[in-house]
Amino acid sequence: MEFSILKRRLDIGKQIDDFLDRVSESGLLFKHGVSDFLKGNQSAFSEKIKHIVDVEHQGDALRRSLEEQLYIQTLIPESRGDVLELLEAMDALLDRFKGALYRFDIEQPEIPLQFHEGFEELINCVVEAVESMVQSSRAFFKNISGVADHMHKVSYWETESDKVSTRLQRAIFNKDDLHLSQKLQLRDFVMHVDKIADRAEDVSDKLSIYVIKRSL
Amino acid sequence: MFAFFLSSGLFLGWSLGANDASNVFGTAVGSKMIRFKTAAICCSIFIILGSVLSGAGASHTLGKLGSVNAIAGAFIVAFAAALSVYLMTRMRFPVSTSQAIVGAIIGWNIFSGSVTDTNSLTKIVITWVACPALAAVFAIILYKIVVFVILHFNIYMFRQDLLTRWGLLLVGAFGSYSLGANNIANVMGVFIQVSPFTDISIFGVFNLSSAQQLFFIGGVAIAVGVLTYSRRVMETVGEGIMQLSPVAAFAVVSAHSLVLFLFASQGLERFLTSHGLPAIPLAIVGAVIGIGLLKGGRGIRWRTLGGITSGWVITPIIAGVFSLLSLFFLQNVFHQNTYQPMTYKLTPAAIARIKEAGISTQYLVGLADKDFDTAVQFNKELDKRVKIDSTQHNFILSSTEIDQLKITQAAIDKVNTDWISPEQLNALKKLKGRSFEHKWQLVQALGGETPAWQFSPNDRYHNDELNNRLANLYSIFRQ
């Protein structure tokens, strides 16, 4: 009996790892998807969208199964609420990547070439912020004293993404040959992507509280 | 009649289960690591096992109530203790059942004119401080060790969860077992002598002595207490004083078990009791406070703690007062004999014994051959004449106590041969036909026949056991 319980718990550990893999993967898909979009490679872009939808479904399924197991087996009673919140917040980041990619697909914004580099830089910062968040979460489960090693990177990338986003917005509105409507659309895109890093930082703030609560 | 008298023992067992189970599983349930149902079932099983397998050992058989020398008195003492523990359980406070029993016995002592050992009173007060303090220190040390291990080995969150859960269950089972083993004699011990049960052999493999059957019933009573009513006190211990993390809960329960184990182990007990620390389970509260202080003391609910500590003071007092009142009622309204009157007389044999011990008997001359109905009366006379220390006082008292003992064949047949060795039984048989006026004369005569009946100056465990067997003999041979 003990063996099967042990196995089940290790399964949960594996499932959490899988789930965090999905979040991390969604960041990479987003990055490459936008890159394909900027290059005008529509078929590769569509493929990335299809892929990220799959990943999102898998993430949802894993999250639900984890939540169920945590409650049914009354595991980690002292941190159960925190772990569920963390999983949900991470899932929300995954959803935002998917949503942003869909937005590119639906609105098909015309992004002038001079902004391509800025967009790619912004997306890189955002994806790094989320990646650092994924690593912090992994440490939370495996090696709680190591969480701090990753968490400060989340803030760093969030600040970087803020800087890039401000610079990009300023450049967009300084460009005279664009319609106001186009400027507004591009600004929305910049803000939408930048928000993901902000959300990652929010999750990281919450995680730091969870760590204090679990500190022995 | 037996069933009626037994009922108060069962009530005591029930309230013990309802209250003391909180020591073992309160923090585990409070930290939500183990469900109440799981805890209660595990606790019940191990309490019954402990009662039957370890409780029936010769050294415990009479328990604290053994000093109460009439069954109706034992009934009231058990009932008074049970009632006070029940009241405290209703108020959700963890208390010590053995202190309630001591309180009730003091009530009986006052009623029957027996002398209360002042040492046991001071011991109670000392344990209120010493036992929790010791447990607090242990809890802090254990917690530090566990934390070091977890951080050092980077234990995965879910594995840590699993290990803590099994740890809590294991320590809880161990604690329940010792709870049953240590307390069953207090619950059922006095009834052994009046038990109508005979030994049962199951398929010739297991042999259940009549004492074990009695202890099984007592164990079931404790278990029923755990299952039906222990939740309230468990919640106080687990959440009421402060919210504990599972790891802290584990440290607390382990510290509690460790303190009890230290008190119970013979070698250490000698060291601890020589410093005036008896074994009473108030440790759990101390252990919780220890963790609370380690965390800076902010999480501790001092109000609840105040309630609990005042409960410790109140419990023996309520038990004492209630026992006194009920004894009065039972003796005078129902004309039940609640105590064997003990008379005291300075017989020539007693004088010789006192002289031999090197105590001057000059001032005792006027007391010779006078009958005193109670120890209190005799003490008063003694105090009028001379000031002596309490050891000498107790020695004179035990030397002059009159107990008409006659060794008859019929009585020898009643002696439970499971409790005494063949050698001891032989010595007893050799004394057939003789009568004794004092208990110590019987002890001397038995000691003269075989070393197995002699006290040893260094072996406390042996002496305790001998005293229990002798107490049993007195009640059998008393005329």
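Structural data are supplied above this passage.
To start, this report covers the structure provided alongside it.

Calculation criteria
- Residues numbered from 1 in each chain as written.
- Chains lettered and ligands numbered in written order.
- Predicted model: local features only at pLDDT ≥ 70, side-chain atom pairs only at ≥ 80, totals over all residues.
- Heavy atoms only, no water.
- Helix = DSSP H or I, 4+ residues; strand = E, 2+ residues; numbered from the N terminus.
- Expected span 1.5 Å × (residues − 1).
- 1 Å grid on protein atoms, 1.4 Å probe; cavity = no way out; pocket = protein on both sides within 12 Å on 5 of 7 lines; lining within 4 Å.
- Points joined across faces, edges and corners; volume = space filled by probe spheres on them.
- Nonpolar A, V, L, I, M, F, W, Y, C, P; charged D, E, K, R; others polar.
- Buried < 20%, exposed > 50% of the residue type's maximum accessible area, 1.4 Å probe, protein only.
- Polar contact = N/O pair within 3.5 Å; in protein donor to acceptor, adjacent residues only side chain to side chain.
- Salt bridge = Lys/Arg side-chain N within 4 Å of Asp/Glu carboxyl O.
- Contact = heavy atoms within 4.5 Å.
- Buried area = accessible area lost by both parts, 1.4 Å probe.

Counted at 1.5 Å a residue, the expected span for helix α2 (residues 42-72) of chain A with its 31 residues is 45 Å, and the 45 Å between its end C-alpha atoms agrees. Just downstream of α2 of chain A, T74 of chain A is the residue with a positive phi angle, here 40°.

On to empty space enclosed by the protein. The tally for this structure, following the rule as stated, stands at 2 cavities of 30 Å³ or more. Size it by volume and the largest cavity reaches roughly 140 Å³. Sorting the residues of the lining of the largest cavity by element identifies α4 (113-142) of chain A together with α5 (118-152) and α6 (157-188) of chain B as the ones contributing at least two each. Its residues placed into classes, the lining of the largest cavity shows 9 nonpolar, 4 polar and 2 charged. Here the second largest cavity defines a volume of roughly 40 Å³. What lines the second largest cavity is I76, E78 and R214 of chain A together with M33, M157, Q160, D161, T164, P246 and V247 of chain B. Counting residues per element, the ones that place at least two in the lining of the second largest cavity are α6 and α9 (246-264) of chain B.

On to the environment of Q377 of chain B, then. All names here are of chain B. Inspection of the secondary structure assignment puts Q377 in helix α14 (residues 375-385). Since its relative accessible area comes to 39%, Q377 is described here as partly exposed. A polar contact is formed between the side chain of Q377 and the backbone nitrogen of D373, at a distance of 3.3 Å.

What follows is about the pattern of salt bridges. All names here are of chain A. Under the defined criterion, the tally for this structure stands at 26 salt bridges over all chains. Here R63 ties to D91 by a salt bridge, and the two come within 2.7 Å at their closest N and O atoms. Taken as a pair, R63 in helix α2 and D91 in helix α3 (residues 80-107) lie far apart in primary sequence, 28 residues in all. Residue D91 is classed as buried on the basis of its relative accessible area, which comes to 4%. Between D177 and K175 there is a salt bridge, with the nearest N and O atoms lying 3.2 Å from each other. You can call D177 exposed: its relative accessible area is 59%.

It is common to give the size of an interface as the accessible area that goes away when the parts come together. At the junction of the two partners, chain B supplies 22 residues and chain A supplies 27 residues. A buried area of about 2,100 Å², summed over both sides, lies between chain B and chain A, and 66% of it is on carbon and sulfur atoms. It is Y156, M157 and F158 of chain B that lose the most area in chain B upon contact with chain A, and together they represent 36% of the buried surface on that side. The tally of links between chain B and chain A comes to 0 salt bridges. Our count for the chain B to chain A interface comes out at 4 residue pairs in polar contact (both at pLDDT 80 or more).

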